[in-house]
Amino acid sequence: MAYINYFSNCQFVKGANQSLISDLQLQVSYPISNAIFEVLVHLKEHSIEECIQFYGAENEEAIRSYIDFVLDRGIGFMDTEIRGELSSLDLQWDSPAEISNVIVEYSESQNYEGEFYQSLFDSNIQALELRCYDQVDLDRLKAFIASFNGKVLKYIKVVIPYSLAASPDYLYELVKTNLRVRSILLHSAPSDRETTTYKDSVEVRYLTRCIDSNAHCGVVRTAYFMTNMELFTESQQHNTCLNRKLAIDRSGFIKNCPSTNQVFGHVDRMSLDQLLQHPDLKKLWFIHKDQIEVCRDCEFRHICTDCRAFTEKPQDLFSKPLKCGYDPYTSTWSEWSTHPLKQAAMLYYESEEIKN
């Protein structure tokens, strides 16, 4: 008899209407129908001959095409037995960093050499996003970014308004002298386009949309999906947006995210140690997709981002992200902002923004 053995790095995720196979090593995902999913799962414990007998000889051609799909994409291999020595993937996730990623709404009025900032930047943070809503002194911003040279930080994303000063030459030099800069977004630009800089190593995106506040955060789209071991394992028990995240707004107030309402303190009046002891700091870290309404039925839930700042039901922390237009029950995408059921939530957040 012939059997199919699946590589442990290829994970099967069932959704309400369709399913997904995520190859965490090659970092690619394959949407499949739930009917195919059921057959492939059946093959985990039965031979090909037994599977054909179970589903009927009239389905043999289809079953063998599913097997070819698995073999052609390196999802599994054929053998004379099910290999018990193939260990299952350990989906546990952890990090040595108490705070691993930080968003700073950059402001020239802030003293980034203060005690809180220095303690934070000297810790084990891995990623930093600098958001500039207004025009800034680009040389001063460049000097601030250079202060991270020699630290453990691996990734810096820079969000700045488009201006003549942010020329291709400036961006080239910015990356050349600060190799931790891995992504640049210029908003309020004349046109939407994408390019690269410094030996094509860093993506540069130009957006006509004006990003002038944190209200633009939280959009869920396929372009943000990531198939990799880190995100997939983290998503099993943690929130893929807010876990180990810290945000500091342009006034110096500390939050989980610039768009969330709860403030834990101010950088001038709190130490990093005091912040880490705050009872609510980690509250959102453990809300994962298998707990969230609608998301728990979505095949993309373990490769997707999330948002707890803007939800369809503003008073429900376990509600679907407001800015997601995907319906896992029909496997269709629509423009979220025009959906009539989201209008009440949008009005609520607009009124809250006015109050804040």
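Asks: Which parts of the structure should I look at to understand the packing of helix α5 (residues 138-146) against helix α6 (residues 168-177)?
Replies: Each pair of packed helices gets described by two things: the angle between the helix axes and the distance between those axes. α6 packs onto α5 with a crossing angle of 20 degrees between their chain directions and a minimal axis gap of 10 Å. By the angle between their directions, the pair α5 and α6 is classed as roughly parallel. In terms of crossing hand, the pair formed by α5 and α6 is right-handed. Together, Leu 138, Asp 139, Lys 142 and Ile 145 of α5 and Tyr 170, Glu 173, Leu 174 and Thr 177 of α6 make up the contact between the two elements. Of the residues that constitute the contact of α5 with α6, the class distribution is four nonpolar, one polar and three charged.

Asks: How should the pattern of salt bridges be read in this particular structure?
Replies: All chains considered together, the criterion is met by 14 salt bridges. Here Glu 194 ties to Arg 205 by a salt bridge, and the two come within 3.7 Å at their closest N and O atoms. Placement of Glu 194 in strand β10 (residues 193-197) and of Arg 205 in strand β11 (residues 202-206) is noted, with a sequence separation of 11 residues between them. The exposure class of Glu 194 is exposed, given its relative accessible area of 56%. Given a relative accessible area of 22%, Arg 205 falls into the partly exposed group.

Asks: Explanation requested: the nonpolar core in the structure shown.
Replies: Taken as a class, soluble globular proteins show a tendency for nonpolar side chains to be buried jointly. Formed by 47 residues in total, the largest nonpolar core has its most connected members in Phe 116, Leu 120, Leu 141, Ile 184, Leu 246 and Leu 275. Apart from residues lying up to four places away in sequence, Leu 246 is in contact with Ile 99, Asn 101, Val 102, Ile 103, Phe 116, Leu 120, Ile 254, Lys 255, Asn 256, Leu 275 and Leu 281. In this structure, Ala 2, Tyr 30, Ile 32 and Ile 63 belong to the second largest nonpolar core, which totals 22 residues.

Asks: Which parts of the structure should I look at to understand the sheet that holds strand β2 (residues 10-14)?
Replies: What holds strands together in a sheet is hydrogen bonding between their backbones, with the strands either parallel or antiparallel. Strand order in the open sheet formed by three strands is β2-β3-β4, with antiparallel pairing between adjacent strands. The open sheet has two edge strands, β2 and β4 (28-33), and neither has a second partner. Going from strand to strand, the sheet's axes swing by 20 degrees on average, the running direction of each strand aside. When β2 meets strand β3 (residues 18-23), the two strands line up antiparallel, connected through five bridges. In the sheet register, Phe 12 faces β3, and the bridge partner there is Ile 21. Across the sheet, helix α1 (residues 34-42) touches β2, β3 and β4, and the angle it forms with β4 is around 105 degrees.

Asks: Help me understand the packing of aromatic side chains, please; the structure alone is not making it clear to me.
Replies: On inspection of all chains with the given rule, the structure shows 22 aromatic pairs. Arranged with centres 5.7 Å apart and planes meeting at 35 degrees, the rings of Tyr 106 and Phe 144 form a pair that is tilted. In this pair, Tyr 106 is assigned in the loop between β6 (101-105) and α4 (115-121) and Phe 144 in helix α5, connecting sequence segments 38 residues apart. For Tyr 106, a relative accessible area of 7% puts it in the buried group. Taken together, the ring pairs connect Tyr 106, Tyr 112, Phe 116, Tyr 117, Phe 121, Phe 144 and Phe 148 into an aromatic cluster. Sitting over the face of the ring of Phe 12, Lys 44 holds its NZ or CZ atom 4.6 Å from the ring centroid. A cation over an aromatic ring shows up here: Lys 323 above the ring of Phe 310, its NZ or CZ 4.4 Å from the ring centre.

Asks: Is there a simple way to explain the pairing of β10 in this structure?
Replies: Side-chain positions along a regular strand alternate between the two faces of the sheet. In this sheet, β11 lies alongside β10 in antiparallel orientation, the contact comprising five bridges. Looking at the pairing, Glu 194 lines up with Arg 205 of β11. Hairpin connection from β10 to β11: four residues lie between these consecutive antiparallel strands, with Tyr 198 at a positive phi of about 50 degrees.

Asks: Honestly, helix α2 (residues 48-55) in this entry has me stumped. Any pointers?
Replies: Residue pairs spaced three or four apart in an α-helix point in one direction, given the helix's 3.6 residues per turn. Ile 48, Cys 51 and Ile 52 are the residues of α2 that are buried. Down the axis of α2, the buried set is contained in an arc of 100 degrees. They therefore lie on one face. Opposite the buried face of α2, by more than 90 degrees, sit the exposed residues Gln 53 and Phe 54. Once α2 finishes, Gly 56 follows within two positions and takes phi at roughly 100 degrees, a positive value.

Asks: Help me out: how do you make sense of α1 in this one?
Replies: Along α1, the positions that sit buried rather than exposed are Asn 34, Ile 36, Phe 37, Val 39, Leu 40 and His 42. The inward-facing, buried residues of α1 abut β1 (3-6), β2, β3, β4, α2 and α3 (60-72).

Rules and cut-offs
Residues numbered from 1 in each chain as written. Predicted model: local features only at pLDDT ≥ 70, side-chain atom pairs only at ≥ 80, totals over all residues. Heavy atoms only, no water. Axes fitted to C-alpha atoms, helices over the stretch in contact; angles between N-to-C directions. Helix = DSSP H or I, 4+ residues; strand = E, 2+ residues; numbered from the N terminus. Parallel < 35°, antiparallel > 145°, perpendicular 65-115°, else oblique. Left-handed = near helix turned anticlockwise from the far one by under 90°. Contact = heavy atoms within 4.5 Å. Nonpolar A, V, L, I, M, F, W, Y, C, P; charged D, E, K, R; others polar. Salt bridge = Lys/Arg side-chain N within 4 Å of Asp/Glu carboxyl O. Buried < 20%, exposed > 50% of the residue type's maximum accessible area, 1.4 Å probe, protein only. Core = buried A, V, L, I, M, F, W, Y, C linked by side-chain atoms within 4.5 Å. Pairing = 2+ DSSP bridges. Phe/Tyr/Trp six-rings, centres within 6.5 Å; stacked < 30°, edge-to-face > 60°. Lys NZ or Arg CZ within 6 Å of the ring centre and 35° of its normal. Arc of directions from axis to C-beta.

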